[in-house]
Amino acid sequence: MSDATAHQRGPGVLVDESDLNGARSDPKQTWRRWLRNPNSLIGGVIVVLVVASALVSLVWTPYSPLAVDPAHALGGPSLRHLLGTDEYGRDVFSRLMASSQIALFVGALSVLIATVIGIPAGLLAAQRGGATGQVVLRLADILYGFPALLAAIVLAAAFGASKSTVVLAIGISYIPVFIRVTRSNALVVLNSEYVLAARAYGRRPLAILRRHVVPNIATTIIAQMSLLFSLAVLAEAALDFLGLGTAAPAASWGTMLQSSQDYLGNDPLLTVWPSLAIVVCVLGFSLLGDGIGELRDARSRR
Amino acid sequence: MNSTLRRAVGAVLPLLRRLMTMVVALWGASVLVFVVLNVLPGSPAQVILGTQATPQSVRQLTAQLGLNKPLLQQYVDWIGGLLRGNLGVSYISHLGIGSQIAQALSVTGPLVLLALVIGLAIGLPLGFAGALRNGRFSGSLIGGLSQIGMAVPSVVAGLLLIIVLTVKLHVFPTSGFPGWSDPLQALRALVLPAFSLGLVEGAILSRYVRASILEQLRSDYLRTARSKGLRVGQALRRHGLRNAAIPLVTVLGLELASLVVGAIVVENVFALPGLGLLLLDSVNNRDLITVQDTAMLVASTVLVLNLLVDLSYRLLDPRLKGTA
């Protein structure tokens, strides 16, 4: 990601010195700034750990996350089962690992849906303005009425609850956010003097978008993606908890919370582990998003 | 005279335009809800009567529910009913949906308000303290705590509160709602759910308050005020609060909307018979008309809150007067 952000500037910058002498900012320096910012450092480490645990769980978990072992049901933490076992004797640690797959899958796919639709729509609204811009903004207004949870409930009522309705619901509910962020940041760039110069020079609108607008707003968008990813993980957990998403026996943090409800008195740890996993994962992505935002601000202040 | 008239029109016209966009958004939302819930093949009558039903009885019920009319006619009937305050009758319970929603709102409404009060009681002081102690250890501590608080889903907050305060300490009832006939017991049942929502909202709010106050502290006019000899608090009170309030009103409106939605989850944790439980039950029973009405109500609430945020924006920031 550092490579992608290395040559991008903040949206408020009209002319960067590096533009004048044709130099890109030094990737090494970007790295150093990245490591010195506590948000991007801690967030980055957490995200890497979560992604790693999801990848590892694809090929290996201490036990199968679905393997039932009634003889050892509701066993506390031990050397054999690091975080204990649930009501069916399934290994909690393995289930936590496997759940990170679902969280990342839902987060990534829903943010992808939102960006694929939201960013072009936002660019269109900024570039064309007028009636086209109005139509895009009014459509965004309509979608604003459907937060992820409400969208998921309506879709579940129509199509039956599943992982895909969750992905679709979260994705749709974030489209207007990307439209607004893309449009307002793109407008700043489009009203700048160097875009005026590029227009006078005869560059086509698409070329201006590609050459000037997209690189300038990319960091802001990436920061927003990371923040929305963290919210998507929150929404997914809530929806699974409500029984509107991933269905048992598949492991997800939300379904683990749901089934832990019956053991709040006897085995509160069953609630604590998935809770911790959600909080840490969400914290990681939101810190990363904040960190990217701060790196951008630092660069534009320079 | 002419100029006063023009000024009045200039002030009212953008408001009217904003109201129009809201009406358009509401209409669009109603079309969206209706289409998603009605275009699918499969007959609600069949679902209600079960697989054993004869085709004849299915046809009869379909006609009785008005589901044999063209979709456009059904949509117009639905919207006409909503506008007249007639929300229809549930396919499943055969109760009026309007009275069911009213009943649910008597739980969800107080829950959301209580959560908002808790959120404000946490967010405002924390945000102020965080801004005034910026750069010191206590400031960073507040920032870190609110960052963690933001990452806690209300489900988790609710379950952990139950474990500590109900299961271990027996301070609060676990779940359910005794009804408002005994207001004290009713409030007691709402305290934990409201805290589950309010703690998280308070964390989010405190970050916005902090950022907004910090911006005021760095402004030129506040520096001028301080150079006249005012203390930080005095200067903020006299000059900064109104400006700091503008972004806060936005956040507050959006938070209220997210509390309404968040209540859906928390009600299910605590088995509170509010809008959330009504929605989930209707989804599980495939009571589509109730889902349709309730979803439309929640979507309208969110959209109206958005509008109110916009309007209060204009009221607080005279620079925006007259802009569309």
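Note: the structure precedes this text.
Criteria and thresholds
- Residues numbered from 1 in each chain as written.
- Chains lettered and ligands numbered in written order.
- Predicted model: local features only at pLDDT ≥ 70, side-chain atom pairs only at ≥ 80, totals over all residues.
- Heavy atoms only, no water.
- Helix = DSSP H or I, 4+ residues; strand = E, 2+ residues; numbered from the N terminus.
- Buried < 20%, exposed > 50% of the residue type's maximum accessible area, 1.4 Å probe, protein only.
- Polar contact = N/O pair within 3.5 Å; in protein donor to acceptor, adjacent residues only side chain to side chain.
- Contact = heavy atoms within 4.5 Å.
- Buried area = accessible area lost by both parts, 1.4 Å probe.
- Salt bridge = Lys/Arg side-chain N within 4 Å of Asp/Glu carboxyl O.
- Nonpolar A, V, L, I, M, F, W, Y, C, P; charged D, E, K, R; others polar.

1. Details of the side chain of A:Ser252
Residue and element names in this part refer to chain A.
And step 1. Position of Ser252 among the secondary structure elements: in the loop between α10 (205–241) and α11 (253–260).
And step 2. With relative accessibility at 0%, the residue Ser252 sits in the buried group.
And step 3. A polar contact of 2.6 Å, which involves the side chain of Ser252, links it to the side chain of Asp240.
And step 4. Excluding anything up to four places from it in sequence, Ser252 contacts Ser99, Ile102, Glu236, Asp240 and Thr246.

2. What to know about the interface of chain B and chain A
And step 1. Each partner contributes to the interface: chain B provides 41 residues, whereas chain A provides 37 residues.
And step 2. Taking both partners together, chain B and chain A bury about 3300 Å²; carbon and sulfur atoms supply 82% of that area.
And step 3. A per-residue breakdown of the area chain B buries against chain A is headed by B:Gln147, B:Ala151 and B:Leu159, which together make up 15% of the total.
And step 4. For B:Arg207, the salt bridge identified is with A:Asp290, shortest N-O distance 2.9 Å.
And step 5. Where chain B touches chain A, the interface holds four residue pairs in polar contact (both at pLDDT 80 or more).
And step 6. If you list the elements that add at least two residues to the side of chain B that touches chain A, you get α1 (2–38), α6 (137–150), α7 (154–168), α10 (232–270), α11 (275–284) and α12 (288–316) of chain B.
And step 7. In the side of chain B that touches chain A, the residues fall into 33 nonpolar, five polar and three charged.

3. With respect to the side chain of A:Thr255
And step 1. Along the chain, the position of A:Thr255 falls in helix α11.
And step 2. Ignoring sequence-local partners within four residues, the contact set of A:Thr255 consists of A:Asp240, A:Thr246 and A:Ala250.

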